[in-house]
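The chain contents come next:
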Amino acid sequence: MMASNRLNHKTAELIDSLKSKDKKRVLFVCLGNICRSPAADGIMHAIVAEEGVSDIEIDSAGTGRYHIGQLPDHRMRVHGRRRGLEFDHRCRQVTASDFDDFDIIIGMDSSNVSDLHDIAPSPEAEYKIVAMSEFFNPSTRYDYVPDPYYEGAEGFELVLDLLDEGCHNLFNALEGR
């Protein structure tokens, strides 16, 4: 079953408004921008490249400023590499100007979504904020992307599984599939 059945009205409206755009700009956001959001960024880049699509621009950022300029967490890079993915994004902090630069801003958990609402410079900017879990299949038992930072290998694998599912469903929604 596709995630589009799970999208709330606001998100479905936002996705529909992007379908006619020449370029769709997506920003993935987590706390430190070293695990979840750069993984989503890398997975989405891989999907876009595999599909031969050039109308989706992708980036990631963190709500915190803990790791600015660093590569993603070594463990996330190792687990990604095992799946044929390279995560080479350099960490940056989300800014109010990101709300002008991106069409949809996707938070990994409710704390990230709340922080994004605090950063958003206007109600129109807040409209762009969506939880990653909206793109999970209805059978997925998670309603957020857990932070694997203090977890073992299984935490990183779970996050990659969730993000793979969510990014494929996001891609299909953006491309009207």
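This one's a predicted model, so the numbers in the text were calculated from it and none came from an experiment.

1. What about the packing of helix α3 (residues 74-82) against helix α7 (residues 153-174)?
α7 packs onto α3 with a crossing angle of 60° between their chain directions and a minimal axis gap of 10 Å. The angle between α3 and α7 falls in the class oblique. For the element pair α3 and α7, the recorded crossing hand is right-handed. For the pair formed by α3 and α7, the contact residues are R75, M76, H79 and G80 on the first element and A153, F156, E157, V159 and L160 on the second. Across the contact of α3 with α7, the residue classes break down as five nonpolar, two polar and two charged.

2. Here we look at helix α5 (residues 110-119)
Every buried residue of α5 is accounted for by N112, V113 and L116. Looking down the long axis of α5, one finds its buried residues gathered within 100° of arc, a one-sided arrangement. Exposed side of α5, more than 90 degrees from the buried face: S110 and D118 are the residues found there. Buried residues in α5 make contact with β1 (24-30), α2 (36-51), α4 (98-101), β3 (104-107) and β4 (129-131).

3. Some details on the packing of aromatic side chains
Inspection of the entire model under this criterion finds two aromatic pairs. Ring centres 6.0 Å apart and planes at 70° place the aromatic pair Y142 and Y144 in the edge-to-face group. Residue class for Y142 comes out buried when judged on its relative accessible area of 16%. Seen in terms of ring centroids, Y149 and Y150 are 4.8 Å apart; in terms of plane orientation they differ by 85°. Their pairing is edge-to-face. What makes Y150 exposed here is its relative accessible area of 74%. Here the guanidinium or amino end of K10 rests over the ring plane of Y127, the centre of that ring lying 5.3 Å away. Sitting above the plane of the Y149 ring, R75 keeps its charged end 5.2 Å from the centroid.

Calculation rules
- Residues numbered from 1 in each chain as written.
- Predicted model: local features only at pLDDT ≥ 70, side-chain atom pairs only at ≥ 80, totals over all residues.
- Heavy atoms only, no water.
- Axes fitted to C-alpha atoms, helices over the stretch in contact; angles between N-to-C directions.
- Helix = DSSP H or I, 4+ residues; strand = E, 2+ residues; numbered from the N terminus.
- Parallel < 35°, antiparallel > 145°, perpendicular 65-115°, else oblique.
- Left-handed = near helix turned anticlockwise from the far one by under 90°.
- Contact = heavy atoms within 4.5 Å.
- Nonpolar A, V, L, I, M, F, W, Y, C, P; charged D, E, K, R; others polar.
- Buried < 20%, exposed > 50% of the residue type's maximum accessible area, 1.4 Å probe, protein only.
- Arc of directions from axis to C-beta.
- Phe/Tyr/Trp six-rings, centres within 6.5 Å; stacked < 30°, edge-to-face > 60°.
- Lys NZ or Arg CZ within 6 Å of the ring centre and 35° of its normal.

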